[in-house]
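Residues per chain are reported as follows:
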Amino acid sequence: MLVLAHISDLHLDGTERATERAERVRDRLWGLPGKVDALLVTGDIADHGTEAEYEEAARLLGLRDSATPFPVLTCPGNHDSRAPYRKALLGEPAADGPVNSVHVFDDAAVLMCDSSIPGRDEGELDEETYAWIEATLDELNGDVPALLAFHHPPVALHHPLPDAYQLRRPRSLTALLERRPEVAGLITGHAHTPAATSFAGRPLVVGPGVTWTLRLPWEGEGAADRDAPPGFAFHVLDDEGRLTSHFRVV
């Protein structure tokens, strides 16, 4: 059984508000009394994509001093910038290609995929990333279930803001999933609202935002509810390959 914590859309911008909300969630997760296998951070870590914002994220998430109680796995969102993300957050040479990574556990794998398009708000898994997903799953030989995590949901969530900037070319993702029965589910962010649906016959879970929560059209005017508490999720991939998600606020 794989247990994952999940946060998204921190939008760290150097303000006291953004830092306090992210630290509040971090402290709750770091203080958990039970076992969590990893923390997923599905994009929009920085608000402007600056090195200073990623340096704060690296400090806050313990990526520089190995102070984390479990691995922290990240992928970029549309507010992120690949070169400073690599340099200041990951400690890697600055480069502009997609930021993709795989993490293999005892009985499952998580592929953190880059759905960002530099300079754009909508998302896309490009050909390089699709080829990487295929090659990575080939190396795993279908022996373990895999989760794909990326920023942009590939389906409408029934609000005009995220629905205007969802994942482009969803048919390409559908085709990949049809070839890959070992993919047990999809985990995304971007919409700032906890949501659960399906895509191509697989569970699709959208993590809540740390910075603010999306106000749905029937909840009132104004998209951003900045007074709602920050949220996070737990995802459990069990021995039968079933993905179960639980949502919390702090």
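Just above sits the structure.
Below you will find a few notes about this structure. (Residues numbered from 1 in each chain as written. Predicted model: local features only at pLDDT ≥ 70, side-chain atom pairs only at ≥ 80, totals over all residues. Heavy atoms only, no water.)

1. Brief notes about the overall build of the protein
So, point 1. Along the backbone of the protein there are six helices and 13 strands.
So, point 2. On C-alpha atoms alone, the protein measures out to a radius of gyration of 17 Å, which is about the 18 Å that the 2.2 N^0.38 rule sets for 250 residues.
So, point 3. Projected onto its principal axes, the C-alpha coordinates of the protein cover approximately 45 × 45 × 40 Å.
So, point 4. Look at the contacts in the protein between residues 6 or more apart in sequence, and 67% of them connect residues 24 or more apart.
So, point 5. The distance from the centre of the 22 positive side-chain charges to the centre of the 40 negative ones in the protein is 2 Å. (Helix = DSSP H or I, 4+ residues; strand = E, 2+ residues; numbered from the N terminus. Rg over C-alpha atoms; globule rule 2.2 N^0.38 Å. Contact = heavy atoms within 4.5 Å. Lys, Arg positive; Asp, Glu negative; His and termini not counted. Charge placed at Lys NZ, Arg CZ, Asp CG, Glu CD.)

2. Quick look at the sheet that holds strand β4 (residues 101-104)
So, point 1. The mixed open sheet is built from six strands, whose spatial order is β4-β5-β6-β7-β9-β8. Here the strands that pair on one side only, and so sit at the sheet edges, are β4 and β8 (195-199). When strand polarity is set aside, the average angle formed by the axes of neighbouring strands in this sheet is 20°.
So, point 2. Note that β4 and strand β5 (residues 109-112) share four bridges and pair antiparallel. Looking at β5, one finds that V102 is bridged to L111. (Pairing = 2+ DSSP bridges. Axes fitted to C-alpha atoms, helices over the stretch in contact; angles between N-to-C directions.)

3. Considerations on the side chain of H190
So, point 1. Relative to the elements of secondary structure, H190 occurs in the loop between β7 (183-188) and β8.
So, point 2. Of the polar contacts made by the side chain of H190, one reaches the side chain of N78; its length is 3.2 Å.
So, point 3. Filtering out sequence-adjacent residues up to four positions away, H190 remains in contact with S8, D9, N78, D121, H151, H152, P153 and Y165. (Polar contact = N/O pair within 3.5 Å; in protein donor to acceptor, adjacent residues only side chain to side chain.)

4. Observations regarding the pattern of salt bridges
So, point 1. Tallied over the entire structure, the rule returns 20 salt bridges.
So, point 2. Between E122 and R120 there is a salt bridge, with the nearest N and O atoms lying 2.3 Å from each other.
So, point 3. Judged by its relative accessible area of 12%, E122 falls in the buried class.
So, point 4. A relative accessible area of 40% places R120 in the partly exposed class.
So, point 5. Of the charged contacts in the structure, one is a salt bridge between R215 and D225, with a shortest N-O distance of 3.7 Å. With R215 in the loop between β10 (213-214) and β11 (224-225) and D225 in strand β11, this pair connects stretches of sequence that are 10 residues apart.
So, point 6. A relative accessible area of 22% means that D225 is categorised as partly exposed.
So, point 7. Taken together, the salt bridges that share partners define one network made up of R120, E122, E124, E127, R168 and R169. (Salt bridge = Lys/Arg side-chain N within 4 Å of Asp/Glu carboxyl O. Buried < 20%, exposed > 50% of the residue type's maximum accessible area, 1.4 Å probe, protein only.)

5. With respect to the sheet that holds strand β3 (residues 72-75)
So, point 1. With mixed pairing, the five strands of this open sheet are ordered in space as β3-β2-β1-β12-β13. Pairing within the sheet leaves two strands with one partner each, and these edge strands are β3 and β13 (243-249). Strand-to-strand twist across the sheet, computed as the mean angle between neighbouring axes with direction ignored, equals 25°.
So, point 2. With four bridges connecting them, strand β1 (residues 2-7) and strand β2 (residues 38-42) associate as parallel partners. Residue pairing across strands places H6 opposite L40, the latter belonging to β2.

6. What to know about helix α4 (residues 127-140)
So, point 1. Taking 1.5 Å as the rise per residue, α4 with 14 residues should run 20 Å; its terminal C-alpha atoms sit 20 Å apart, in good agreement.
So, point 2. Those residues of α4 that sit buried are T129, Y130, I133, E134, T136, L137 and L140. Axial view of α4: buried residues confined to an arc of 165°, hence all on one face. Residues of α4 that are exposed and point more than 90 degrees away from the buried face comprise E127 and E139.
So, point 3. Contacts from the buried residues of α4 go to β4, β5, β6 (146-149), α6 (170-179) and β7. (Expected span 1.5 Å × (residues − 1). Arc of directions from axis to C-beta.)

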